[in-house]
Amino acid sequence: MIENMTPQEKHNALVKELATKIGNSKSIKFKSNTLHCLRKKDIESESATYIETDKLNNILEINADEKYVVIEPSVTMEQLYDETSKFNLTIPVITEMKHMTIGGAIIGIGGESSSINYGLIDESVIEFEAILGNGEIITVSEKKNSDLFNALPGSYGSICMLTKIKIRLIKMSKFIKVTYKTFSSAHDYIHAIKNLSKVDFIDSIYTKKNLFLMITGVYYDNVD
C-alpha cells in the first residue's frame, strides 16, 4: 500500500510511472496545477501526453552531518528554507521569490545576492535524477553523465525531465548585518566592489543618474 511507503519509495514509484508514460509517448507536455507555477499555460492537445510536475513536491532527505538535502523539483524555496533552517542550514543560493521551485530555478538559471560567493543555484548541485525522452531513468553528476550535468541547467526542460536533486547545504546564522553604501559614479562603485571585504550577500541598485546603492549582508551569530 502506498500509505506504508517511505518518501523515497513513493518517489521511486511515481518516477517509474512517469518514465513509462514518457517512454510510450510521442508528444510530451508538462503542466502544473499549482497556482504559483510560472509555466505558461498551453491549450491542451488530445495528441499530447501531459506530465504533472507538481506531484514531485517532497523533501526526501536532509543530512545535517554531511550537509546536503535531497528534494523533488517542485519543492518551493519557502518549503525548502522552512525545513533546512530547523538544522541551521540552508542551500547556498536561495531566491527571494518564495513560491519559485528549486527545479525551475535550476533549469531556468537562478541566482541571488549570495551568488557573489556561490555562483548560480545549479553550481551547488551534487547530483540529479532525470528521465530521458525514451523513458530511461538516469543519475547525473560531475562523474556520471557529466555532459548532461553541465547541459541541464538553463535547458528549460528541453533535454530531459528533472525528477530529483541532491544539493549541498551551508551553515546559516541567526542574524545578518546589512550595510548600505552610496556612490556618485560608476567608477567609484566598481572600484568598491573590486576591493570589497568578505561578505555573504550583495545587491546593487542604480536608482538615478550618479547614484549607485550597494547593499551588503554578513552573517552574525550574536548581536552585541
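Asks: Which residues make up the overall build of the protein chain, and what values do they have?
Replies: Tallying secondary structure elements over the protein chain gives six helices and 12 strands in all. For the protein chain, the proportion of its 224 residues judged to be buried stands at 39%. Sequence-distant contacts in the protein chain: of pairs separated by 6 or more residues, those separated by 24 or more amount to 58%. When the accessible surface of the protein chain is split by element, carbon and sulfur atoms take 50% of a total near 13500 Å².

Asks: Which residues make up the nonpolar core, and what values go with them?
Replies: If you look at the biggest cluster of nonpolar residues, it comprises 27 residues, and the most contacted ones within it are Ile71, Ile102, Phe128, Ile165 and Ile167. Mapped onto this core, the elements with two or more residues apiece are β4 (68-71), α2 (77-84), α3 (102-107), β6 (125-131), β7 (137-141), α5 (146-151) and β8 (161-168). Per-element accounting of this core gives the leading share, four residues, to α3. Those residues in contact with Ile165 that lie beyond four places of it in its chain are Val69, Val70, Ile71, Pro73, Ile102, Gly103, Ile106, Val125, Glu127 and Phe128. If you look at the next biggest cluster of nonpolar residues, it comprises nine residues, including Ile22, Leu56, Ile131 and Met161.

Asks: I'd like to hear about the packing of aromatic side chains, residue by residue, with values.
Replies: Tallied over the full model, the rule gives five aromatic pairs. Here Phe201 and Tyr219 contribute two aromatic rings whose centre-to-centre distance is 5.3 Å and whose plane-to-plane angle is 75°, an arrangement assigned as edge-to-face. Here Tyr219 lies in strand β12 (residues 211-220) and Phe201 lies in strand β11 (residues 201-208), a separation of 18 residues in the sequence. Phe201 gets classed as buried once you look at its relative accessible area, which sits at 19%.

Asks: Go over α2, please, and point to the residues and values.
Replies: For α2, every residue scored as buried is listed here: Met77, Leu80 and Thr84. The buried residues of α2 all sit within an arc of 70° when viewed along its axis, so they share a single face. Close packing links the buried residues of α2 with β3 (59-63), β4, β5 (89-90) and α3.

Asks: An account of the environment of Tyr189 is requested, with residue identities and associated values reported.
Replies: With respect to the helices and strands, the residue Tyr189 is situated in helix α6 (residues 186-194). On the basis of relative accessibility, which here comes to 11%, the residue Tyr189 falls in the buried class. For the pair Tyr189 and Met214, spaced 25 residues apart in sequence, the C-alpha to C-alpha distance is 8.0 Å. Each residue touching Tyr189, except ones within four places of it in the same chain, is listed here: Phe183, Ser204, Phe212, Leu213 and Met214.

Asks: So what's going on with the sheet that holds β7? Residues and values would help.
Replies: Taking strand neighbours across the sheet as the criterion, the five strands line up as β3-β4-β8-β6-β7 in an open arrangement whose pairing is antiparallel. Each edge of the open sheet carries a strand with a single partner, namely β3 and β7. The sheet shows a mean angle of 15° between the axes of neighbouring strands, taken without regard to direction. Along the sheet face, α2 touches β3 and β4 and points at about 35° away from the line of β3.

Asks: Outline unusual backbone geometry, supporting the account with residue identities and numerical values.
Replies: A negative phi holds for most residues other than glycine; trans holds for most peptide bonds. Within the chain, Ile109 stands out as a residue other than glycine whose phi angle is a positive 65°. The topology assignment puts Ile109 in the loop between α3 and α4 (115-118). Exposure remark for Ile109: the relative accessible area of 41% places this residue in the partly exposed category. Of note, Asn145 is a non-glycine position whose phi angle comes to about 55°, a positive value.

Quick notes on the rules
Residues numbered from 1 in each chain as written. Predicted model: local features only at pLDDT ≥ 70, side-chain atom pairs only at ≥ 80, totals over all residues. Heavy atoms only, no water. Helix = DSSP H or I, 4+ residues; strand = E, 2+ residues; numbered from the N terminus. Buried < 20%, exposed > 50% of the residue type's maximum accessible area, 1.4 Å probe, protein only. Contact = heavy atoms within 4.5 Å. Areas by Shrake-Rupley, 256 points an atom, 1.4 Å probe, with all protein chains shown as cover. Core = buried A, V, L, I, M, F, W, Y, C linked by side-chain atoms within 4.5 Å. Phe/Tyr/Trp six-rings, centres within 6.5 Å; stacked < 30°, edge-to-face > 60°. Arc of directions from axis to C-beta. Pairing = 2+ DSSP bridges. Axes fitted to C-alpha atoms, helices over the stretch in contact; angles between N-to-C directions.

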